[in-house]
Amino acid sequence: MRTNDDDLPGRAPRGARAGGEGTAKAQRAAPMIGALVLLATVQLMVVLDTTIVNVALPTIQASVGFSASGIAWVVNGYALTFGALLLLGGRSGDLLGRRSVFMASLAAFAAASMVAGLSSSPGLLIAARVAQGASAAFAQATALSLIVSTFPAGRARNRAVGVFAAMEGLGAAAGLLLGGILVQAVSWRWVFFVNVPVAAIVAALAPRFIPSPKRQSLRLDLPGAVTASAGLGLIVFGLSRAADHGWTAIWTAGPLAAGAAALAAFVLLERRSAQPLTPLWVFADRNRGGAYMIQALVGGALFGMFFLTTLFLQHVLGYSPLKAGAAFVPATAVMMGAAGAMSRLVNRIGVRPLVATGTAIAAAGMWWLSHLHLHAGYLTGVMLPLMVLSVGLGLTFVPLTLTAVSGVKEEHSGLVSGVSTTAIQIGGSIGVAVLATVAATTARHHAGAAGAAALAAGYTQAFRVGAVIIALAVPLALVFLRLRPGGQPAVPRRRLLTRWCPVPATVPERRDAPGRRMVLPAPPHRADRLASPVLARRGRPDEHQPHGSLRQPSPGRRGPGRARGRPAPCGRTPSGNRS
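Residues numbered from 1 in each chain as written. Predicted model: local features only at pLDDT ≥ 70, side-chain atom pairs only at ≥ 80, totals over all residues. Heavy atoms only, no water.

1. Observations regarding helix α10 (residues 250-272)
Part 1 of the reasoning: A rise of 1.5 Å per residue sets the reference length of α10, with its 23 residues, at 33 Å; its end C-alpha atoms lie 33 Å apart and thus fit the reference within 8%.
Part 2 of the reasoning: For α10, every residue scored as buried is listed here: Thr252, Pro255, Gly259, Ala262, Phe266 and Glu270. (Helix = DSSP H or I, 4+ residues; strand = E, 2+ residues; numbered from the N terminus. Expected span 1.5 Å × (residues − 1). Buried < 20%, exposed > 50% of the residue type's maximum accessible area, 1.4 Å probe, protein only.)

2. As for the environment of alanine 134
Part 1 of the reasoning: In this structure, alanine 134 sits in helix α5 (residues 122-150).
Part 2 of the reasoning: In this structure, the C-alpha to C-alpha distance between alanine 134 and tyrosine 78, residues 56 residues apart in sequence, is 7.6 Å.
Part 3 of the reasoning: Contact partners of alanine 134, with chain neighbours within four places excluded, come to Thr81 and Leu85. (Contact = heavy atoms within 4.5 Å.)

3. Some remarks on the nonpolar core
Part 1 of the reasoning: In terms of nonpolar packing, the biggest core is built from 116 residues, with Phe102, Ile294 and Met305 touching the most fellow members.
Part 2 of the reasoning: The element best represented in this core is helix α12 (residues 286-316), accounting for 13 residues. (Core = buried A, V, L, I, M, F, W, Y, C linked by side-chain atoms within 4.5 Å.)

4. Here's the deal with the pattern of salt bridges
Part 1 of the reasoning: Throughout the structure, instances matching the rule amount to one salt bridge.
Part 2 of the reasoning: A salt bridge links arginine 129 to aspartate 49, with the shortest nitrogen-to-oxygen separation between them at 2.9 Å. One end of the pair, arginine 129, is in helix α5; the other, aspartate 49, is in helix α1 (residues 14-65), with 80 residues separating them in the sequence. For the pair arginine 129 and aspartate 49, one class covers both residues: buried. (Salt bridge = Lys/Arg side-chain N within 4 Å of Asp/Glu carboxyl O.)

5. Overview of a positive patch on the surface
Part 1 of the reasoning: A surface patch of like charges, here positive, comprises Arg155, Arg159, Arg344 and Arg348.
Part 2 of the reasoning: Taken together, the elements giving at least two residues each to the positive patch come down to α6 (155-185) and α14 (329-349). (Patch = residues over 30% accessible without salt bridge, like charges linked within 9 Å, V, L, I, M, F, W, Y side chains within 5 Å. Areas by Shrake-Rupley, 256 points an atom, 1.4 Å probe, with all protein chains shown as cover. Lys, Arg positive; Asp, Glu negative; His and termini not counted. Charge placed at Lys NZ, Arg CZ, Asp CG, Glu CD.)

6. With respect to the side chain of threonine 150
Part 1 of the reasoning: Tracing the backbone through its elements, the reader meets threonine 150 in helix α5.
Part 2 of the reasoning: Judged by relative accessible area, which is 14%, threonine 150 ranks as buried.
Part 3 of the reasoning: In terms of polar contacts, threonine 150 uses its side chain to reach the backbone carbonyl oxygen of leucine 146, at 2.6 Å.
Part 4 of the reasoning: In this structure, threonine 150 is in contact with Met32, Ala35 and Pro211, ignoring residues within four places of it in sequence. (Polar contact = N/O pair within 3.5 Å; in protein donor to acceptor, adjacent residues only side chain to side chain.)

7. Structural notes on the packing of α14 against helix α15 (residues 351-369)
Part 1 of the reasoning: Packing of α14 against α15 brings their axes to within 7 Å, and their N-to-C directions diverge by 120°. For the element pair α14 / α15, the angle class is oblique. Of the residues in α15, those touching α14 at Met342, Val346 and Ile349 are Val351, Pro353 and Leu354.
Part 2 of the reasoning: Across the contact of α14 with α15, the residue classes tally to six nonpolar, no polar and no charged. (Axes fitted to C-alpha atoms, helices over the stretch in contact; angles between N-to-C directions. Parallel < 35°, antiparallel > 145°, perpendicular 65-115°, else oblique. Nonpolar A, V, L, I, M, F, W, Y, C, P; charged D, E, K, R; others polar.)

8. As for the packing of α12 against α15
Part 1 of the reasoning: Where α12 meets α15, the closest approach of the two axes is 12 Å, and the angle between their N-to-C directions is 25°. With respect to α15, the axis of α12 lies roughly parallel. The crossing of α12 and α15 is left-handed. Across from Ile294, Val298, Ala301, Met305 and Thr309 in α12, the residues of α15 making contact are Val355, Thr359, Met366 and Leu369. (Left-handed = near helix turned anticlockwise from the far one by under 90°.)

9. Looking at the packing of aromatic side chains
Part 1 of the reasoning: Taken as a whole and judged by the stated rule, the model has seven aromatic pairs.
Part 2 of the reasoning: Look at tryptophan 188 and phenylalanine 192: their rings are 6.2 Å apart centre to centre, the planes differ by 85°, and that puts the pair in the edge-to-face class. Each member of the pair, tryptophan 188 together with phenylalanine 192, is buried.
Part 3 of the reasoning: Summarising the aromatic geometry, the rings of phenylalanine 312 and tyrosine 459 are spaced 6.1 Å apart at their centres and angled 65° between planes, so their arrangement reads as edge-to-face. One end of the pair, phenylalanine 312, is in helix α12; the other, tyrosine 459, is in helix α18 (residues 451-471), and 147 residues separate them in sequence.
Part 4 of the reasoning: For phenylalanine 312, a relative accessible area of 0% puts it in the buried group.
Part 5 of the reasoning: Given the relative accessible area of 7%, tyrosine 459 is considered buried.
Part 6 of the reasoning: Lying across the ring of tyrosine 319, lysine 323 places its NZ or CZ 4.4 Å from the centre. (Phe/Tyr/Trp six-rings, centres within 6.5 Å; stacked < 30°, edge-to-face > 60°. Lys NZ or Arg CZ within 6 Å of the ring centre and 35° of its normal.)

Okay, here's the thing in structure tokens:
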């Protein structure tokens, strides 16, 4: 293809061009920073709402009139719909428009929070919490997909994902601290009212800072949506009953079996559907599949750590709700710092070393927590183990999120984002249910001891099981994760073409890099034709042909068969002599 001067962008004067580039970059960066602030705020609000209520439960029970068993539904009602609708929330953004779904879900979340704060009966409060969980599922899934579609792959997206992932740990810890402050200083109702202005402000500013990706002209897979939501909801319901009623009780085993059957039906429907809710190719990629499994384990470790440590601090060491929430502040700061550092280093170090190292460190921190006892001090018994655990989790958040949403087109970003958040949420529900059951069973076996001693034995045993769970992620990372730092799957060295290539100035997109060392990944099915000597004889990949196709040489002529006006191959002048 001949490249004319008319095809190239006009050249501005040197001084004016330098100033113009700086102004243009600043103009592009301002909306992206605003979008990141809004999306990270929503992630913080959604995660915070899962823990802020825990501190207020005793006060809510006395004020509204909940029974001892009914008060658990203030938490379970939120978790039930949140975990069940994450897949549908991510896919709905692809079909209906991510920004539109994002704004609508924020409006619904603000309305549900207002109703929850004004509730005067148990039924109304539980219904409001169910609505909160449903709207939060749509908001979080579309927020992550908007991160993927707004920020280009590379450093910008890595930093955005780092901030987004850091909100996971900050929201979980800040919820405990903020909940204690609001309950003691104002009222339990403000743990819900605090969401209203935040959601309203973000929804109002979203059209200004967040671009609206185009929607897809697809129909909603209603049978798949029903079976997926029902299956995930039944599993979350059964897990929420396991700690109080045991794994063999009818209200535990029944919903778990029904949820598994619904998910099996969902898989069968997706295999036959022309436009499935969750195409099965999402799980076929080894990097994404491995990332989802590890995210489930990391979610179990994160939620299990906050659940068990909060109970240990209050029930065994006698901390107040406010003091227990403040105990997580150092660990939260460390987790955010580690996640922020990984957003800059993931391209240099790679995904597999970070995830394997991070999960190993997290397992060591969880095992250290299992040595807590009745007279443990805060510094060496609580803070240092939590900081080690937080460092390990902080190392894994960014590379796992990047891997979970990698390798797909922009129109599928909502789909993979929904699967990613679902893996974390369902993993967290399973982790909390398993660890709570272990703690309760162990405490019952130590019934002859004092109350605090029996509880301590149960919690420490649960910490040991949690350490084993998170340690399972280490071999998974070593086996499944093969993502290169640049975001592409790793390929063997023999399938890479490396050579010095002086690029002619007639190629506009490469004019700024003459003589750069080029590393070109070979197409998977034609790798054997991209060795350097063969390339010089048989042709080279044509940027105007599909990926992997090679332009055939001209008939009756050896060499690459260049068209008239096309730049000469690397290392030769048009006359055939060495340059």
